[in-house]
Every structure is written in C-alpha cells, then in structure tokens.
Amino acid sequence: MGTGGEADRERYSAMLKVAVEEARAGLAEGGIPIGAALFDRQGKLLGRGHNRRVQEGDPSAHGETDAFRRAGRLRSYRDKIMVTTLAPCWYCSGLIRQFRIGTVVVGESVNFRGGIDWLRENGIAVIDLRSEECIQMLASYPGATPSWTFPGLQCYF
C-alpha cells in the first residue's frame with residue numbers, strides 16, 4: 001500500500017475509525033480522548049488501545065503504547081501502520097522510531113504537532129488525514145487547556 005492517492009486515503013480513513021472508537025472509549029472512562037491502532041500492510045488489525053493516563057495514573061499509558069502492547073511481540077514492525085487520532089508525542093514518536101514502524105497515520109496535528117516532522121526526517125511515512133472529527137474531539141475535551149499541563153513538559157497527552 002502506498003502513501004498517496006484517494007484509495008489509500010479511504011483505507012487509512014477506515015483504519016482511523018478504529019482509533020476514533022478507542023478515543024471515545026477512553027473519554028467514556030473519564031480519560032483523555034486519544035486512540036490508536038496498529039495494522040499490518042494488508043489492513044489486518046493487530047492491536048488497538050487508548051490513552052489511559054488518567055484512568056491508571058500512569059504517565060506512560062498513551063494510546064500508541066497501549067495499541068503497541070496489545071499487538072504483542074512481532075518479528076518486524078517495518079511493514080506496520082500505526083494509526084492515531086492525534087499526532088504522536090515525543091515519547092510515542094520514540095517508540096515508533098525505535099521499532100521502525102514504517103507508516104504513521106495521524107488523525108490530526110492541529111491541537112498538538114508532536115514529533116511528526118522528526119519522524120519524517122527519519123524516514124517514517126507520516127500521513128496526516130486532518131480529520132475534523134479528531135480535531136473537534138480533542139479541542140472540546142475539558143482538560144485541553146494549558147492549565148492542565150506542566151511547564152516545560154513536551155508531552156502533554
């Protein structure tokens with residue numbers, strides 16, 4: 001599967017629906033609405049998850065890490081696709097880079113740009129779908145204001 005064209009966009013948008021379901025599940029649990037899913041190149045779902053930082057009191061329980069862990073150990077990640085409702089933070093970008101996940105599909109990068117430029121600079125294909133649904137979901141989250149972040153902290157979510 002390539003990284004351009006309307007057919008790819010439709011496929012990626014279908015994958016994003018899984019991440020959006022996870023983000024909504026996290027919100028329903030009282031958490032931050034960020035979801036993610038890991039797929040293989042054929043579109044088979046390998047793992048799905050959502051941000052659980054609030055629910056578990058664990059600052060490392062991000063959506064991407066949750067989906068990654070739930071996928072289990074794989075021989076290689078180069079041909080995998082990480083789909084996330086929000087651009088990955090530096091922590092999750094590091095995970096993507098460390099395990100050489102080949103493609104990242106981002107629902108949006110308006111509310112938070114994260115490490116997508118760094119990922120691109122390091123050879124990761126990043127597709128930003130600019131989903132209005134994803135933009136609005138995080139923008140309307142009650143905690144999505146600077147008052148709930150910590151000064152100097154690069155990873156807000």
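Located above this text is the structure these notes cover.
Our subject in this report is the structure included herewith. (Residues numbered from 1 in each chain as written. Predicted model: local features only at pLDDT ≥ 70, side-chain atom pairs only at ≥ 80, totals over all residues. Heavy atoms only, no water.)

**Details of the packing of helix α3 (residues 63-71) against helix α4 (residues 90-98)**
This is how the line gets drawn: Inter-axis angles, ranging from 0 to 180 degrees, are taken between N-to-C directions of lines fitted to C-alpha atoms, where helices are fitted over the stretch in contact. Numbering of helices and strands starts at the N terminus; helices are DSSP runs of H or I of at least 4 residues and strands are runs of E of at least 2. Only heavy atoms enter the contact rule, under which two residues are in contact if any of them lie within 4.5 Å.
At a closest axis distance of 9 Å, the pairing of α3 and α4 adopts a crossing angle of 35°. Counting all contacts with α3, which are made through E64, T65, F68 and R69, the residues of α4 involved are Y91, C92 and L95.

**Describing the environment of G72**
Which entries qualify depends on this criterion: For every residue, the accessible area obtained with a 1.4 Å probe (protein chains only) is divided by the maximum for its type, and the residue is called buried under 20%, exposed over 50%, and partly exposed between those limits.
By the element assignment, G72 lies in the loop between α3 and β3 (80-84). Looking at G72, the relative accessible area reads 29%, which means it is partly exposed.

**Here we look at the pairing of strand β4 (residues 103-106)**
To keep things clear, this is the line we draw: If DSSP finds at least two bridges between two strands, the strands pair. Crossovers are marked right-handed if the path from the first strand over the helix to the second runs clockwise, as seen with the strands pointing away from the viewer.
Burial along β4 is two-sided: T103 and V105 and V104 and V106, pointing in opposite directions, are all buried. Where β3 and β4 come together, four bridges link them in parallel fashion. Residue pairing across strands places T84 opposite V106, the latter belonging to β4. In this fold, the crossover linking β3 to β4 by way of α4 has right-handed handedness. As paired strands, β4 and strand β5 (residues 125-128) are joined by four bridges and run parallel to one another. Within β5, the position partnered with V105 by the bridge is I127. Crossover handedness for the path β4 to helix α5 (residues 116-121) to β5: right-handed.

**Describing the packing of aromatic side chains**
For clarity, the threshold we go by: Aromatic pairs are defined between Phe, Tyr and Trp rings, using the six-membered ring for Trp, whenever the two ring centres lie within 6.5 Å; interplanar angles under 30 degrees are classed as stacked, those over 60 as edge-to-face, and all others as tilted.
Applying the stated criterion across every chain yields a total of four aromatic pairs. Ring plane angle 35° and centroid distance 5.1 Å describe the contact between F68 and Y77, whose orientation is recorded as tilted. An identical accessibility class is assigned to F68 and Y77; each is buried. Geometrically, the ring pair formed by F68 and F99 is tilted, given 4.8 Å between the ring centres and 50° between the ring planes. Of this pair, F68 sits in helix α3 while F99 is found in the loop between α4 and β4, placing the two residues 31 residues apart along the sequence. For F68, a relative accessible area of 11% puts it in the buried group. Through pairs of rings, three or more aromatic residues link up here, namely F68, Y77 and F99.

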